[in-house]
Amino acid sequence: MFNIPSRLPRIAALALLAGAAGCASVTPYQPVDKGYGYSEQQIEKNRFRVSFAGNSDTPKQTVETYLLFRAAELTLKSGYDYFVLASDSTDASTTYLQNFDGFYGWGHYYWGPRSAFGGLGASTATPVTQYVAQANVVMFTGQKKESDVQAFDAREVRKNLEPSIVRPVPKS
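In this text, all values refer to a predicted model and were calculated from it rather than measured experimentally. (Residues numbered from 1 in each chain as written. Predicted model: local features only at pLDDT ≥ 70, side-chain atom pairs only at ≥ 80, totals over all residues. Heavy atoms only, no water.)

Asker: Give me the lowdown on the packing of aromatic side chains, citing residues and values where you can.
Answerer: Applying the stated criterion across every chain yields a total of 6 aromatic pairs. Both rings, one in Phe52 and one in Tyr66, keep their centres 5.0 Å apart while their planes meet at 85°; by these two values the pair is edge-to-face. Here the residue Phe52 occupies a position in strand S2 (residues 47–53), and Tyr66 occupies one in helix H2 (residues 60–77), the gap between them amounting to 14 residues. (Phe/Tyr/Trp six-rings, centres within 6.5 Å; stacked < 30°, edge-to-face > 60°. Helix = DSSP H or I, 4+ residues; strand = E, 2+ residues; numbered from the N terminus.)

Asker: Give a description of the nonpolar core that names residues and reports values.
Answerer: Grouped together as the largest cluster of nonpolar side chains are 24 residues, with contacts concentrated most on Tyr29, Val50, Phe52, Leu67, Phe83, Val137 and Met139. Of all the secondary-structure elements, those providing two or more residues to this core are S2, H2, strand S3 (82–101), strand S6 (122–140) and helix H3 (154–161). The greatest single-element share of this core, amounting to 8 residues, is contributed by H2. (Core = buried A, V, L, I, M, F, W, Y, C linked by side-chain atoms within 4.5 Å. Buried < 20%, exposed > 50% of the residue type's maximum accessible area, 1.4 Å probe, protein only.)

Asker: With reference to specific residues and values, describe the pairing of S2.
Answerer: In terms of burial, S2 is largely enclosed, as 5 of its 7 residues are buried. Note: strand S1 (residues 37–44) against S2, 7 bridges, orientation antiparallel. Its bridge partner lying in S2, Glu40 is registered against Val50. Where S1 hands over to S2, the hairpin turn is made up of 2 residues, counted between the paired strands. (Pairing = 2+ DSSP bridges.)

Asker: Any chance you could break down the packing of H2 against H3 for me, citing the residues and the numbers?
Answerer: The description of two helices packed together rests on the angle between their axes and the distance between the axes. As a packed pair, H2 and H3 sit with axes 8 Å apart at the nearest point and diverge in direction by 135°. Between H2 and H3, the angle falls in the class oblique. Judged by the twist between their axes, the crossing of H2 over H3 is left-handed. Residue-level contacts link Thr65, Leu68, Phe69, Ala72, Thr75 and Leu76 of H2 to Ala154, Arg155, Val157, Arg158 and Leu161 of H3. (Axes fitted to C-alpha atoms, helices over the stretch in contact; angles between N-to-C directions. Parallel < 35°, antiparallel > 145°, perpendicular 65-115°, else oblique. Left-handed = near helix turned anticlockwise from the far one by under 90°. Contact = heavy atoms within 4.5 Å.)

Here you go:
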């Protein structure tokens, strides 16, 4: 018969979690890749729907910053000077990861996790939240009115937000 140390599965699970955590990082500023990043859809000549979706490691503020930065880039790329967010919102989606804190071993008639009902383990749920920001962006040429608090100068937005933009690491 095999005698597997009761800590072995727990150590393996911790190693797996540590490896997965090392891979996790904030969604970089990039076109949508595997569901995360920015996207846009042209609605009219000077109107776009822009969105940015972040993974669970991307804070709400970063998602919203990347959305504004993309609106500024798109405004300049389209030949306009400033933009107005006709509407904007940020949605949060929370899921829960279930974790069983028990051990594996030979049960009386089976191989499997010992039940929390038997007093040999516990279960926890960890919330994981992802944010998606979207906006309807209307673009204009010329000087924006200083009194229009809804208008953003695209060049200023790009210049001021650029230092906080994290771009993807090139793949070798």
